[in-house]
Amino acid sequence: MYDNAYHHKLRGRLWQALDESFDEDHESRRGVGLAFSGPYPWGDIKEGDSLSVLVASPRRELLDSLIADLSRNREFNIGEMPFELEDITAHNPDVGEPGTEGTLETVTGVVCRLTKEQVEEYGLDTTEIESGETETRTFWRPDHGMGPLRDSIRHSLQLSHEWFGDQTRPGPYEVDHRLWSSIEPIKDDITYALPFSPATGVERTLIVSKWTLGYRVRDDTHRYHLNLALDCGIGQRREHGFGFVNVEQTKHTSPVKTERGSQVTH
């Protein structure tokens, strides 16, 4: 049976593959810098089927540690789903040079838990939470509008930039332009309540949403920010398998000016 609550067990298998040099990162606020897809294709499975898992990180040493362990230990059990690793392949996805249009997808679901400052800025109603009528934190919902969602995604990328990014470049907070030209839900049901176990014996509920994110690469800095989303994912709980981002499609468009002012043609 395909287990839709695979997140905790898959995370555990990947952490098991990391050497002891990453133990300190496990306890830190910033985490280790890891995002991953679920086993796919999703749906009914039978003995002998082949599935894949995509793993992304901005840290080459982390990926090297995973590859070294998984090459030796081919057992890849995800809870009640027993697998044996067949192959490891490398990919280097890129959103494209300035002038490229494309879309990214967040098929694992994005967790956008809003900060206290965001709740206050947008005047969101938290009376049920404060009165104890619900234990659910302030997750983004459609009636909050798109502003808090965009802010939450930008905030997560800013943290990725500060923790793992290229400090010679400006972060998402240091530019005025939007990251995305469009944000569209993948399905009509925009949000999903999902049972989640962050640790053995701990049960919580997360509100997640799935998106197609459209973009047109303006310049090299914008390209860096978008590729950072591919490396680190977006939103919260990324190291538990949420917010994983993948390139859906790209196409070249008209020339645009790069940061140096020269023209790029495709």
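(A) Local environment of the overall build of the protein. Along its length, the protein carries 7 helices and 11 strands. A burial count over the protein gives 42% of its 266 residues as buried. Sequence separation of at least 24 residues holds for 73% of the intrachain contacts in the protein that already meet a minimum separation of 6. Element-wise, carbon and sulfur atoms account for 45% of the exposed surface of the protein, whose accessible area totals about 14800 Å².

(B) Quick look at a nonpolar patch on the surface. On the surface, a nonpolar cluster with roughly 240 Å² of combined accessible area is contributed by W42, V107 and I186. Tracing the chain through its elements places W42 in the loop between β1 (35-36) and β2 (55-56). What makes W42 partly exposed here is its relative accessible area of 44%.

(C) Representation of the pairing of strand β7 (residues 202-209) within the structure. Taken together, the 2 bridges between strand β4 (residues 110-111) and β7 define a ladder with antiparallel strand orientation. When the bridges of β7 are listed, V110 appears paired with S209.

(D) Summary view of the nonpolar core. Counting 26 residues, the largest nonpolar core has L104, W180 and I234 as the members making the most contacts within it. Looking at this core, the elements that each hand over two or more residues are α6 (146-164), β8 (211-216) and α7 (220-232). When near neighbours in sequence (up to four residues on either side) are disregarded, L104 contacts V95, W180, W211, T212, L213, Y215, L230, V245, N246, V247 and E248. Ranked by size, the runner-up nonpolar core spans 18 residues in total, among them L10, W15, F76 and L85.

(E) Representation of a negative patch on the surface within the structure. A grouping of E75, E84, E86 and D87 is seen on the molecular surface, where their side chains present a negatively charged patch. Following the sequence through the fold, E86 ends up in the loop between α3 (60-72) and β3 (100-105). On the basis of relative accessibility, which here comes to 63%, the residue E86 falls in the exposed class.

(F) Local environment of the pattern of salt bridges. As enumerated under the stated definition, the model contains 8 salt bridges in all. Between D69 and R72 there is a salt bridge, with the nearest N and O atoms lying 3.9 Å from each other. Of this pair, D69 and R72 both sit in helix α3, 3 residues apart, which is roughly one turn of the helix. Residues joined by salt bridges that share partners form a network here, namely R13, D69 and R72.

(G) Spatial organisation of the packing of aromatic side chains. All told, the structure shown has 3 aromatic pairs when counted by the stated rule. Judged by centre distance (5.5 Å) and plane angle (65°), the ring pair of W140 and W211 falls under edge-to-face. With W140 in the loop between α5 (127-131) and α6 and W211 in strand β8, the pair connects residues that are 71 residues apart, well separated along the chain. Between the NZ or CZ atom of K210 and the centre of the ring of Y192, over which it lies, the distance is 5.4 Å.

(H) Highlighting the pairing of strand β6 (residues 191-199). The pairing of β6 with β7 spans 7 bridges and is classified as antiparallel. Following the sheet pairing, F196 is matched in β7 by R204. Between β6 and β7, which pair antiparallel and follow one another directly, the connecting turn spans 2 residues, one of which, G201, has a positive phi of 85°.

Conventions used here
Residues numbered from 1 in each chain as written. Predicted model: local features only at pLDDT ≥ 70, side-chain atom pairs only at ≥ 80, totals over all residues. Heavy atoms only, no water. Helix = DSSP H or I, 4+ residues; strand = E, 2+ residues; numbered from the N terminus. Buried < 20%, exposed > 50% of the residue type's maximum accessible area, 1.4 Å probe, protein only. Contact = heavy atoms within 4.5 Å. Areas by Shrake-Rupley, 256 points an atom, 1.4 Å probe, with all protein chains shown as cover. Patch = residues over 30% accessible without salt bridge, like charges linked within 9 Å, V, L, I, M, F, W, Y side chains within 5 Å. Salt bridge = Lys/Arg side-chain N within 4 Å of Asp/Glu carboxyl O. Pairing = 2+ DSSP bridges. Core = buried A, V, L, I, M, F, W, Y, C linked by side-chain atoms within 4.5 Å. Lys, Arg positive; Asp, Glu negative; His and termini not counted. Charge placed at Lys NZ, Arg CZ, Asp CG, Glu CD. Phe/Tyr/Trp six-rings, centres within 6.5 Å; stacked < 30°, edge-to-face > 60°. Lys NZ or Arg CZ within 6 Å of the ring centre and 35° of its normal.

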